[in-house]
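Now for the letters of each chain:
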Amino acid sequence: MFHNPHSLYSLQRMSLHGSFLSDVQFQCSICLDVFTNPSSTPCGHSFCMACISRYWDGSKVCQCPLCKKTFHKRPDLQINRTLREITEQFKSMTGGGGGGGGVGREKRGGKGGGRDGCVQDNLFDELRKKLPRPLPKTPMTLTYEAQTHGEPNPTLLSPATIPVTTSLASSLPNNSPISALNHTSRPPPPPPPVSRSSGRRRFTVSGAASSNNLPICDIHHRGIMIYCRTDKVCICPDCETEDHPDHDTVTIEAEWMETKVQLSASEQEIQEMIRQRIRKIEEIRMSVNELELAVERETAGSVCVFSALVSAIERSQAELMEVLEMSRRAAEHQADAMIRQLELEVEELRRRESVLAQLAQSDDHIHCVKTFPIFSSPPPAKDWSGVSVNSDLGTGTIYRSLAVLVERFQKELNTIAETGFPATLLEPSPVRTQPRMRRIQEYAVDVTLDSNTAHPRLILSEDMKSVRCADRHQLVPDNTERFDRVVCVLGREAISSGRHYWEVQVGGKTDWDLGVARQSINRKGKFEITPSNGYWFLSLRDKNKYAFRTEPSTDVHLNLRPHKIGIFVDFEKGQVSFYNVDAKMHIYTFNDTFTECIYPFFSPCTNKSGKNDGPLVITPVNMTE
């Protein structure tokens, strides 16, 4: 409690001038001097108009020097006339300087307080009359301690301890700083923080900055405890009053309670999205499996359909060639007969012509008269005017039959395009539906090479699983089983029944032959490799030319170059099938009738000066899906 009114007057005067009107409050943070033509940025900070303009000149993006808020479009700043008026009043009270550190009582221009911004001489006398007793302490009273050279400073009253009542404000000049500050419904902001080197602490209306472990507002130095739902930012009470007066604001704790409810709902929503995507992953995987099955069905069905068409066309072509040949021979025979008959008639006519010529030159008139009637009329002859060689080739029937077949094939294609492959096709195909790779791999057998059949240039591995061609002949016995002209070798295992499957690695080679051969094939000298001679082969030439040794040879175009060939034999069905093991694709199937044992056949072909020196390798069968 104050016992000395003069002390109270001094303290009130010091609080009013030292706390309300500190020079820091009127200082530009760029030039560090009192404002000259102050202007405020959209974020609420004030600077000299000239200082902030120079600060932004030449910058692509304008930024507040204090809070670093970025403005993508340069703000159109205007002079803050109210702040400029208050600054001018402050300059007049401090004697025109900005660094006085307090409010002087120097007169500037007489008594008038009015519009010249000067403080009346009797201002503090009037305050003393209005405050005869010490002010009661309120909850908003702020105290602090400062350490200066280790000594505690006396407790001072902040401006908040001096309530400026309506009666007091009414007695003050309208343009005085105190009157202007009283128009707000809240206490003025405390002075900005001062570094520890100055011996003072930063503190707020709610207490020291670390009292409640709350983050501190950089502008008002108060605890951030309010959330603005309108702008979606966390603010302090002063920010709420200044920048968010009409916004929807709640305490951060209340906002967090509502957020927790939303967080639980968001978590459940995310979990449901995760479950949906896991189900979609399984759905996609099942779709891929179904697609693989569909590709297999489509491949098998297309092979059946097109094989049927190709077979029918080949048969029609063969019939056509036969009919054409027969028509040609018949026409030749007919022409020959007609020519022979015409030649005989010509010969007879020439003989009569010769007789008539002799009669014309004869002097024996009696002979001429008797003989002429005999030779004067032409001999009996055929009328050749309507005779010609038959030009009908007899192929119309074949073409009409082929047209009917193509029409049926077209209808079948249309049906397949709309509904897929039917259970039965129009015509039975000589190529049966091929089983899946895994099913045929179940018939894998251990195949090894027979060294007694190997050509002298071939080099076999010790385990009899690989073969390659050397540059020169090897010293080997010339037995009856050995090939002496064709660079090839047979497998040791004979196939006389059942199903058999093996795989051969061919990657890196430019030429090779693989398949099966009959036991009774000719192994000496040069021979033609065809099914009629006991060979069922798939061949590669010049790195990318694949062909089957049919009659004539059948070229095949493989989009995926195989690195490993699978060979499947069904002895009872008379099938020899070839597969691309890596792509799990069927390539081709021979259909024939086996009347004797057959053997696996391997030919690495010549090494072509090192370009084709890689081996053919019989590899273990790895079961695949």
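The structure reproduced in this document is the subject of the present report. The structure displayed is predicted, hence computed values, not measured ones.

Each helix and strand in the protein was counted, giving eleven helices and 24 strands. Here the protein holds 625 residues, and the buried ones make up 36% of them. Counting contacts in the protein only where the partners sit at least 6 residues apart, residues at least 24 apart contribute 60% of the total. With the model as given, the accessible surface of the protein reaches about 38300 Å², and the carbon-plus-sulfur share is 53%.

Next up on the list: the sheet that holds strand β17 (residues 535-541). The strands making up a sheet associate through backbone hydrogen bonding, with each pair oriented either parallel or antiparallel. The strand order across the open sheet built from six strands is β14-β23-β16-β17-β18-β19, with neighbouring strands paired in antiparallel fashion. This sheet does not close on itself; its edge strands, each paired only once, are β14 (489-490) and β19 (554-556). Taken together, the two bridges between β14 and strand β23 (residues 598-603) define a ladder with antiparallel strand orientation. Looking across to β23, one finds that Leu490 is bridged to Phe601.

The next thing to look at is the pattern of salt bridges. Counted under the stated rule, the structure contains 21 salt bridges. The salt bridge involving Glu255 is made with Arg229; its shortest N-O contact spans 2.7 Å. Residue Glu255 is located in helix α8 (residues 252-361), and its partner Arg229 is located in the loop between β9 (226-228) and β10 (233-235); the two are separated by 26 residues in the primary sequence. Judged by relative accessible area, which is 16%, Glu255 ranks as buried. A salt bridge links Glu407 to Lys411; the shortest N-O distance between them is 4.0 Å. On the criterion of helical spacing, the pair formed by Glu407 and Lys411 is a turn pair, its members being four residues apart in helix α10 (residues 396-419). Look at Glu407 and you get partly exposed, because its relative accessible area is 46%. Among the residues examined, Lys411 registers a relative accessible area of 52% and is labelled exposed. Connected through shared salt-bridge partners, Arg229, Asp248, Glu255 and Glu258 make up one network.

When a protein is soluble and globular, its nonpolar side chains tend to lie buried together. Counting residues in hydrophobic clusters, the biggest one holds 35 residues, and the most contacted among them are Trp502, Trp512, Leu514, Ile565, Val576, Phe578 and Phe602. Of all hydrophobic cores here, the second largest spans 13 residues; its members include Cys28, Ile52, Trp56 and Leu77.

Looking now at the side chain of Thr589. Topologically, Thr589 is positioned in strand β22 (residues 585-591). Residue classification places Thr589 among the buried positions, given a relative accessible area of 3%.

Here the focus is the pairing of strand β16 (residues 512-518). Within β16, six of the seven residues are buried, which leaves the element mostly enclosed by the surrounding structure. Where β16 meets β17, six bridges bridge the pair, whose relative direction is antiparallel. Each bridged residue has a counterpart across the sheet, and for Val516 the counterpart in β17 is Trp536. Where β16 and β23 come together, six bridges link them in antiparallel fashion. Bridge assignment links Arg518 to a residue of β23, and that residue is Ile598.

So, on to the sheet that holds strand β13 (residues 466-469). Ordered in space as β12-β13-β24-β15-β20-β21-β22, the seven strands form an open sheet in which the pairing is antiparallel. Here the strands that pair on one side only, and so sit at the sheet edges, are β12 (458-460) and β22. Neighbour-to-neighbour, the strand axes of this sheet turn through a mean angle of 20 degrees, independent of strand direction. Relative to strand β20 (residues 564-570), strand β15 (residues 499-505) is paired through seven bridges, and the arrangement is antiparallel. Across the sheet, residue Glu503 finds its bridge partner in β20, namely Gly566.

The next subject is a nonpolar patch on the surface. A contiguous nonpolar patch, built from Ile270, Met273, Ile274 and Ile278 and spanning about 360 Å² of accessible area, is present on the exposed surface. Looking at the element boundaries, Met273 is found in helix α8. For Met273, a relative accessible area of 35% gives the class partly exposed.

This part takes up the environment of His221. By the secondary structure assignment, His221 is in the loop between β8 (207-208) and β9. Once the C-alpha coordinates of His221 and Cys236 are considered, the two residues, 15 residues apart in sequence, prove to be 8.5 Å apart.

Turning our eyes to something else, we now look at unusual backbone geometry. Despite not being glycine, His221 has its phi angle at roughly 60 degrees, a positive value. Backbone geometry places Lys232, a non-glycine residue, at a positive phi of 60 degrees. Position of Lys232 relative to the elements: it lies in the loop between β9 and β10.

The relative placement of two packed helices comes down to the angle between their axes together with the axis-to-axis distance. Helix α9 (residues 365-376) packs onto α8 with a crossing angle of 160 degrees between their chain directions and a minimal axis gap of 10 Å. Regarding the angle of α8 to α9, the classification is roughly antiparallel. Once α8 is placed against α9, the crossing between them reads as left-handed. Between α8, through Arg351, Arg352, Val355, Leu356 and Leu359, and α9, the contact on the second element is made entirely by His367, Cys368, Thr371, Phe372, Ile374 and Phe375. Class assignment for the residues of the contact of α8 with α9 results in seven nonpolar, two polar and two charged.

The interhelical angle for the contact between α8 and α10, taken along N-to-C directions, is 170 degrees, at an axis separation of 10 Å. The angle between α8 and α10 places the two elements in the roughly antiparallel class. Two secondary-structure elements touch here, α8 through Val305, Phe306, Leu309, Ala312, Ile313, Ser316, Glu319, Leu320 and Val323 and α10 through Ile398, Tyr399, Leu402, Leu405, Phe409, Leu413 and Ile416. Per-class residue counts for the contact of α8 with α10 are 14 nonpolar, one polar and one charged.

The next thing to look at is the packing of aromatic side chains. Under the definition given, this model contains 16 aromatic pairs. Centre to centre, the rings of Tyr535 and Phe601 are 5.9 Å apart; their planes meet at 80 degrees, and the pair counts as edge-to-face. Of this pair, Tyr535 sits in strand β17 while Phe601 is found in strand β23, placing the two residues 66 residues apart along the sequence. Joined through ring pairs, the aromatic side chains of Phe483, Tyr535, Phe537 and Phe601 make up one cluster.

Next up on the list: helix α3 (residues 81-93). End to end, α3 covers 18 Å across 13 residues, agreeing with the expected 18 Å (1.5 Å per residue, within 8%). All of the buried residues along α3 are Leu83, Thr87, Gln89, Phe90, Lys91, Ser92 and Met93.

Mapped onto the fold, Pro477 is located in the loop between β13 and β14. A relative accessible area of 57% places Pro477 in the exposed class.

Each value, and the rule that gives it
- Residues numbered from 1 in each chain as written.
- Predicted model: local features only at pLDDT ≥ 70, side-chain atom pairs only at ≥ 80, totals over all residues.
- Heavy atoms only, no water.
- Helix = DSSP H or I, 4+ residues; strand = E, 2+ residues; numbered from the N terminus.
- Buried < 20%, exposed > 50% of the residue type's maximum accessible area, 1.4 Å probe, protein only.
- Contact = heavy atoms within 4.5 Å.
- Areas by Shrake-Rupley, 256 points an atom, 1.4 Å probe, with all protein chains shown as cover.
- Pairing = 2+ DSSP bridges.
- Salt bridge = Lys/Arg side-chain N within 4 Å of Asp/Glu carboxyl O.
- Core = buried A, V, L, I, M, F, W, Y, C linked by side-chain atoms within 4.5 Å.
- Axes fitted to C-alpha atoms, helices over the stretch in contact; angles between N-to-C directions.
- Patch = residues over 30% accessible without salt bridge, like charges linked within 9 Å, V, L, I, M, F, W, Y side chains within 5 Å.
- Parallel < 35°, antiparallel > 145°, perpendicular 65-115°, else oblique.
- Left-handed = near helix turned anticlockwise from the far one by under 90°.
- Nonpolar A, V, L, I, M, F, W, Y, C, P; charged D, E, K, R; others polar.
- Phe/Tyr/Trp six-rings, centres within 6.5 Å; stacked < 30°, edge-to-face > 60°.
- Expected span 1.5 Å × (residues − 1).

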